[in-house]
Structure formats: C-alpha cells, structure tokens
Amino acid sequence: MTDNGPGSSTFTRDYSSITATSRTDIRSDGNQNAYVARGLYPATGSPTPTATPCIGQYLIFPIEDSCVPGGTDIGNHGDDTVTTVALPFPYTVYDHTFNSINLSSNGNAQFTTTDNAGTNVCLPWLSHNFTIFPYWDDQRTDANPGCSAYPGGTCGIYTSVSGIAPHRILNIEWRAVYNNNTSQHANHELRLYEGQSRFDMIYCTVDQGNTSAIAGVLRDNSFVTQYFCNGSGGGATGGQSYIYFPPPCPSPTPRRLTPTPRPRPTPLPRPGSAP
C-alpha cells in the first residue's frame, strides 16, 4: 500500500497488522514519525538523535624525570606473564574509565585484554582496545643474570603511589631483562595521574633502546598515538608525557516534529433541524 501522509515522503508499507491507535514508520528521509491511524497526522515527538563518536587524541611532550622506585611486588615473575592489578583510583583512557589494569611482563598495560604476546607490531595492535605501551618488547621478569643489578637482585613489576588524594600518581616500574639477552636491562616506568587525562613514560635503563620496541597508546584500530616503533620514531630516553585533548563535542539537538492539523469540514445541518 502506498501512503502519502501529510508532509511525508511517499513510502510503501502494509498496515493491516497494526492497531488503530498509532504506529511508527521510518520515512525515506530518515526521520522517525508517529502517525495516528485515523487520518495519518504526524504527532509531536523528539526523535532520539544518532550518537556520533567524539574522540580526541593524545599529544606527547618531553619531560625530564627519573624513575620512582616501586615498593609493592605485584607477583609478575615470568616470561610472557600478565598480572591484573586493582587501581588505587579510577583512571580514564580516552573516553572510558577503568578500575583495574592488566600488566604484561612484555611492557604493556592493557585495560580490556590480557594478551601475553612478546612479538610486537607497530600500532594499531588490532582488537586490543585501550592499551598503553610504555615499552612493548620481548622481556622477562623471572630470575635471570641481569636481575642481579636490581634492588634485591630480583626482576618483576613493582608499584608505588605518590602524593595524596585527589592528586595521586600510580608508579608502575618494570625491572626486566630482554629475552634475547638476559644480561641486558629493560628498566622503565609508567605513571598514571589521578583525575587527569595524562600518563608519563620514563626510561630508566633500556639497553636496547627503541631497536625492537613499541611505545604509544591506542583506543581502538582508529585512534592511535605512537612514539616509536622498532627503530623508527622517537628515542627510548628520558621521559614523555602523554596528555589527552578531547575535541569540541557539541550536544546533539533533536528535531522536534510539530503536528500538522488537517482541515475539518463544516458539518451540514440535519434534515428538519432549525437553521
């Protein structure tokens, strides 16, 4: 059946199974309108607007700083090992907030996945949303010759908290060695800032530099900030601060549909009634 409601585009639909009170149709121009079955008048309504993602990006700034030693051993001592840690405060990456983090011996911090891959790829790392990469390389945190240079002669991942709420900093320190040379050191740190869209990466001693490592952050396959990748990009020296800058995100204004009244005919007098 072809139906031309007042102010509507032509569309075809079988109304035989719809009750006589109201129905909802999607017109060809994409607007959703409720029509009263008797006369097909457009009804007043506020269609729900389609949400458009409004995502910003991280910008990288060089900083001069040194590693803050971690005091709490999270229990990550192995090869290709991932350990989940509860965060001391909610932390936001891009547009999502998290209460825990999955720390890999291979130098990445995942918020939604627990992948233990030691072989890395330039970003994006497909299907690994919301991940920070302080120094993604094939590393080990179990007992090896190079661990003797660390406090207590032990490799691992260690955390500490600086400052007081609501301005705390979570320090996450990797005391690792390289899988291809267990006498060389991969000592680096990630810092998360409470109440800020900021994190820092500090390179204490990374003997192989950026030769086979990845640094950066990603939200998904489309929103990525990469600092270095397997020998290209910036150097794995000093420190970098990553700060999130959201774009202007205007609030969607729903289109309000106003009913269009249909003219009513003047009733004719009944036979025999007074004029």
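Coordinates for the structure precede this section.
Residue indices begin from 1 for each chain and proceed along its sequence in written order. Local features are withheld for residues below a pLDDT of 70 in this predicted model, meaning they are given only at 70 or higher, and side-chain atom pairs are given and counted only at 80 or more; totals for whole chains, interfaces and linings count all residues. Processing note: side-chain calculations cover all non-hydrogen atoms of the structure and skip hydrogens and water entirely.

Asks: Give me the lowdown on the state of the cysteines, citing residues and values where you can.
Replies: Any two cysteine sulfur atoms within 2.5 Å of one another count as a disulfide. Within the structure shown, the criterion is met by three disulfides. Two residues, Cys122 and Cys229, share a disulfide whose sulfurs are 1.7 Å apart. The S-S bond linking Cys122 to Cys229 shows a torsion near -85°; that makes this disulfide left-handed. Taken as a pair, Cys122 in the loop between strand E9 (109-110) and strand E10 (131-136) and Cys229 in strand E17 (residues 224-229) lie far apart in primary sequence, 107 residues in all. Here a strand is any run of E in DSSP of at least two residues, a helix any run of H or I of at least four, and the numbering for each starts at the N terminus.

Asks: So what's going on with a nonpolar patch on the surface? Which residues, and what values?
Replies: On the surface, Leu59, Phe61 and Phe245 cluster together to form a nonpolar patch covering roughly 270 Å² of accessible area. Counting through the fold element by element, Phe245 comes out in strand E19 (residues 239-245). With a relative accessible area of 41%, Phe245 lands in the partly exposed category. The patches described consist of residues with a relative accessible area above 30% and no salt bridge, like charges being joined within 9 Å and nonpolar side chains (Val, Leu, Ile, Met, Phe, Trp, Tyr) within 5 Å. For every accessible area listed, the method is Shrake-Rupley and the probe measures 1.4 Å; residues are considered covered only by the protein chains on display. Every case where a carboxyl oxygen of Asp or Glu lies within 4 Å of a side-chain nitrogen of Lys or Arg is listed as a salt bridge. The rule is simple: take the accessible area with a 1.4 Å probe, protein chains only, and divide by the maximum for that residue type; under 20% is buried, over 50% is exposed, in between is partly exposed.

Asks: An account of the sheet that holds E10 is needed here, citing residue identities and associated values.
Replies: With antiparallel pairing, the seven strands of this open sheet are ordered in space as E7-E8-E9-E10-E16-E17-E18. Whereas interior strands pair on both sides, the edge strands pair on one side only; in this sheet they are strand E7 (82-93) and strand E18 (232-233). Two strands pair under a simple rule: DSSP has to find at least two bridges between them. Bridge analysis of E10 against strand E16 (residues 214-218) gives four bridges, and the strand direction is antiparallel. Paired with Ile132 across the two strands is Val217, which belongs to E16.

Asks: Got a sec to walk through the pattern of salt bridges? Specific residues and values, please.
Replies: One pass over the full model with this rule turns up nine salt bridges. The partner of Arg219 in a salt bridge is Asp95, and the shortest N-O contact between them spans 2.9 Å. On the criterion of sequence distance, the pair formed by Arg219 in the loop between E16 and E17 and Asp95 in the loop between E7 and strand E8 (96-104) is long-range, its members being 124 residues apart. With a relative accessible area of 36%, Asp95 lands in the partly exposed category. When the shortest N-O distance is used, the salt bridge between Glu189 and Arg191 registers 3.0 Å. Each of the two residues, Glu189 as well as Arg191, counts as buried. Residues participating in the shared-partner salt-bridge network are Asp65, Glu189 and Arg191.

Asks: Explain the nonpolar core to me, and be specific about the residues and the numbers.
Replies: The biggest cluster of nonpolar side chains holds 37 residues, and the ones touching the most others in it are Leu192 and Phe199. Counting only elements with at least two residues in this core, the list comes to E7, E8, E10, strand E13 (169-178), strand E14 (181-193), strand E15 (198-206), E16 and E19. Residues enter a nonpolar core if they are buried and are Ala, Val, Leu, Ile, Met, Phe, Trp, Tyr or Cys, with the set joined through side-chain atoms within 4.5 Å.

Asks: Account for the side chain of Thr83, with residues named and values stated.
Replies: Considering the arrangement of structural elements, one finds Thr83 in strand E7. Separated by 3.1 Å, the side chains of Thr83 and Asn76 make a polar contact. Two residues qualify as a contact provided that any one of their heavy atoms is within 4.5 Å of a heavy atom in the partner residue. Discounting residues that sit within four places of it in the chain, Thr83 has contacts with Ile74, Gly75, Asn76, Ile101, Asn102 and Leu103. Pairs of N or O atoms within 3.5 Å make up the polar contacts considered here, provided that, within protein, one atom can donate a hydrogen while the other can accept it, and that residues adjacent in sequence are counted only when both atoms are side-chain atoms.

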